[in-house]
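# Fold and geometry: a report
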Amino acid sequence: MEINELYRQLDIDDDVYEYSCAKLAGLKDRFDRIDETAEFNQLKVLDALRECRVSEACFSMSTGYGYNDIGRDTLERVYAHIFKTEDALVRPQITCGTHALNVALSSNLRPGDELLSPVGKPYDTLEEVIGIRPSCGSLKEYGVSYRQVDLKEDGSFDYDGIRNAINERTRMVTIQRSKGYQTRPTLSVGEICELISFIKGIKKDVICMVDNCYGEFVERTEPSQGGADMIVGSLIKNPGGGLAPVGGYIAGTRECIEKAAYRLTSPGLGKEVGASLNVIQSFYQGLFLAPTVVSSALKGAIFAANMLKGIGFSVYPEPETERHDIIQAVTLGSAEGVISFCKGIQAAAPVDSFVTPEPWAMPGYDSDVIMAAGAFVSGSSIELSADGPIKEPYNVYFQGGLTFPHVKYGIMRAVQQLKNDGLVKPYVFNIS
Ligand SMILES: *Cc1c(COP(=O)(O)O)cnc(C)c1O
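From a predicted model like this one, the values you see are computed outputs, not experimental measurements. (Residues numbered from 1 in each chain as written. Predicted model: local features only at pLDDT ≥ 70, side-chain atom pairs only at ≥ 80, totals over all residues. Heavy atoms only, no water.)

## Side note on the overall build of the protein chain
In terms of regular secondary structure, the protein chain is built from 12 helices and 12 strands. A globule of 432 residues ought to have a C-alpha radius of gyration of about 22 Å, and the protein chain, at 22 Å, matches this closely. Principal-axis analysis of the C-alpha atoms gives the protein chain an extent of 65 × 50 × 40 Å. Scored against the burial criterion, the 432 residues of the protein chain give a buried share of 58%. Long-range pairs, those at least 24 residues apart, make up 70% of the contacts in the protein chain between residues at least 6 apart in sequence. With the model as given, the accessible surface of the protein chain reaches about 17900 Å², and the carbon-plus-sulfur share is 51%. (Helix = DSSP H or I, 4+ residues; strand = E, 2+ residues; numbered from the N terminus. Rg over C-alpha atoms; globule rule 2.2 N^0.38 Å. Buried < 20%, exposed > 50% of the residue type's maximum accessible area, 1.4 Å probe, protein only. Contact = heavy atoms within 4.5 Å. Areas by Shrake-Rupley, 256 points an atom, 1.4 Å probe, with all protein chains shown as cover.)

## Quick look at the site of the ligand
Within the structure, the ligand sits among Cys96, Gly97, Thr98, Leu101, Tyr123, Gln176, Asp211, Cys213, Tyr214 and Lys237. Thr98 places a polar side-chain atom, nitrogen or oxygen, 2.5 Å from an oxygen atom of the ligand. For the ligand, whose free accessible area comes to 370 Å², the fraction covered by protein is 91%. Taken atom by atom, the bulk of the ligand overlaps the largest pocket. Here the shell around the ligand takes 3 residues from helix H5 (residues 97-108), the largest share from any one element. Taken together, the residues of the shell around the ligand break down into 5 nonpolar, 3 polar and 2 charged. (Near = heavy atom within 4 Å. Polar contact = N/O pair within 3.5 Å; in protein donor to acceptor, adjacent residues only side chain to side chain. 1 Å grid on protein atoms, 1.4 Å probe; cavity = no way out; pocket = protein on both sides within 12 Å on 5 of 7 lines; lining within 4 Å. Sits in = over half its atoms within 2 Å of the grid points. Nonpolar A, V, L, I, M, F, W, Y, C, P; charged D, E, K, R; others polar.)

## Side note on the sheet that holds strand E2 (residues 114-117)
The 7 strands lie next to each other as E1-E7-E6-E5-E4-E2-E3, forming an open sheet whose pairing is mixed. A strand with exactly one partner marks an edge of an open sheet, and here the two such strands are strand E1 (87-91) and strand E3 (145-148). The mean angle between the axes of side-by-side strands here comes to 20 degrees, regardless of whether they run parallel or antiparallel. By the bridge criterion, 5 bridges tie E1 to strand E7 (residues 248-252) in an arrangement that is antiparallel. Bridge assignment links Arg91 to a residue of E7, and that residue is Gly248. The strands that helix H4 (residues 70-83) touches are E1, strand E6 (230-234) and E7; relative to E1, the one it contacts most, it runs at about 125 degrees. (Pairing = 2+ DSSP bridges. Axes fitted to C-alpha atoms, helices over the stretch in contact; angles between N-to-C directions.)

## Remarks on the sheet that holds strand E12 (residues 395-399)
The strand order E8-E9-E12-E11-E10 describes an open sheet built from 5 strands, whose pairing is antiparallel. Both outer strands of the open sheet, strand E8 (314-316) and strand E10 (369-373), are each paired with one neighbouring strand and no more. Shown here is a sheet whose adjacent strand axes are inclined to one another by a mean of 20 degrees, direction ignored. In terms of strand pairing, strand E9 (residues 328-331) meets E12 through 4 bridges, oriented antiparallel. Note that in E12 the partner of Gln328 across the bridge is Phe398.

## Focus on the nonpolar core
Leu308 and Phe341 are the most contacted members of the largest nonpolar core, which has 105 residues in total. Considering every element that reaches this core, the biggest residue donor is helix H10 (residues 280-310), with 15 residues. For Phe341, the contacting residues outside a window of four places in its chain are Leu308, Leu332, Ala386, Val396, Phe398, Ile411, Ala414 and Leu418. The next biggest cluster of nonpolar side chains, apart from the first, holds 25 residues, and it includes Ile94, Leu101, Leu115 and Val144. (Core = buried A, V, L, I, M, F, W, Y, C linked by side-chain atoms within 4.5 Å.)

## A look at the pattern of salt bridges
Under the counting rule described, the total for this entry stands at 20 salt bridges. A salt bridge links Glu255 to Lys259; the nearest nitrogen and oxygen atoms lie 3.4 Å apart. Residue Glu255 and its partner Lys259 are both found in helix H9 (residues 254-264); the two are separated by 4 residues, about one turn of the helix. (Salt bridge = Lys/Arg side-chain N within 4 Å of Asp/Glu carboxyl O.)

## Looking at the environment of Asn164
Among the secondary structure elements, Asn164 is positioned in helix H7 (residues 159-165). Accessibility expressed as a relative area gives 65% for Asn164, which makes it exposed. Along the primary structure Asn164 and Val149 are separated by 15 residues, whereas in three dimensions their C-alpha atoms are 9.5 Å apart.

## What to know about the domain arrangement of the protein chain
Domain annotation of the protein chain identifies domain 1 (3-41 + 288-429) and domain 2 (61-278). Every contact between the two is made by 35 residues of domain 1 and, on the other side, 33 residues of domain 2. Across the domain 1/domain 2 interface, buried area totals approximately 2900 Å², and carbon plus sulfur atoms make up 61% of it. On the domain 1 side of the interface with domain 2, the three residues burying the most area are Tyr316, His324 and Tyr365, jointly 22% of the side's total. At the boundary of domain 1 and domain 2, one finds 1 salt bridge. (Domains from an automatic or database assignment. Buried area = accessible area lost by both parts, 1.4 Å probe.)

So this is what it looks like as structure tokens:
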């Protein structure tokens, strides 16, 4: 059987198949460079696993209090080694990325302190953590104030604004690496490090935290190698490699991690407790796979940008743009477009392919959100997934993919769905 016949069997029309072949042909050099980064990061991870002497004993689970859990403690050393930090907290008890960020923030801020975001509005769910939107238990309720300096029109840092915003109460700075649900540039590690050194030049002891979600292993270095005191992320995104079923991490200075641990568990207990249950092996194995999984996701994002732009949709970042995270935004321009795209991604899923996604009021978001995710791990967005808030300008955010052939099919299927639903004209697939 020829592969195009198999694609036909999987509901891809010949014109969509041929169109995708043409788009892919132009991406070879780009993909080679992504593979080189994956090779670099694979060696970095392997080096850490070897240096920390990971052994089979690390995979045995602990229960109850989890005292002296060598699997957990060793894994935290592995993370610290990879991210070049003094210490790390990597736990299944950290329920998600928002939780990890909340722990990092609330543990290192005290009443009367001020938190500054020098890169504009943070990720939607952090609005409630900080208290930008009134919320029970927010930092604001505990007397922590917040200030924000937006990026300039062209996406660059507003250095004057940042200098003016830093005051005697500024205790912590939060920098979001990925664009999240916004159309602004994702920051490169280089840009983040420049920003941090500017801020520390004004106030030396300010704690700089980077929301590293979706950024891990996209580049060869991480923000912790250029001055960030803490980097924070979710294990059902990049560093879990698709295998971690839950969890989050915080990597950073000994002092920041110690405070975070006392907050996560309890004053007096800190890192000493926290059973690893039976998930610890998947944390190791997922981390081991993460560099190549991230490379598949990156290739998928670039392929998606080329495919969607070619049939007339605005995409962000542009197909040629250097990548600093795995997210691709596509402006579908209508609720129908967002829903159609997500239906296509869902139909391409290995799990729940027969399900039709619908917009719903997801906790933590201020508009209905539609999500396409037929994932092995519920809600995992390192697996092929797409989501979009049902509001102007009707963007869909597309990310993940554990293998490139799967992401490739997912994008083809999404484009096919747009065609089936009459949202693109059939002639757009004629490439000449
Ligand atoms: C996903 C994400 C978060 C929140 O993570 P959850 O696991 O969904 O709670 C925070 N910031 C950014 C930039 C993210 O991408």
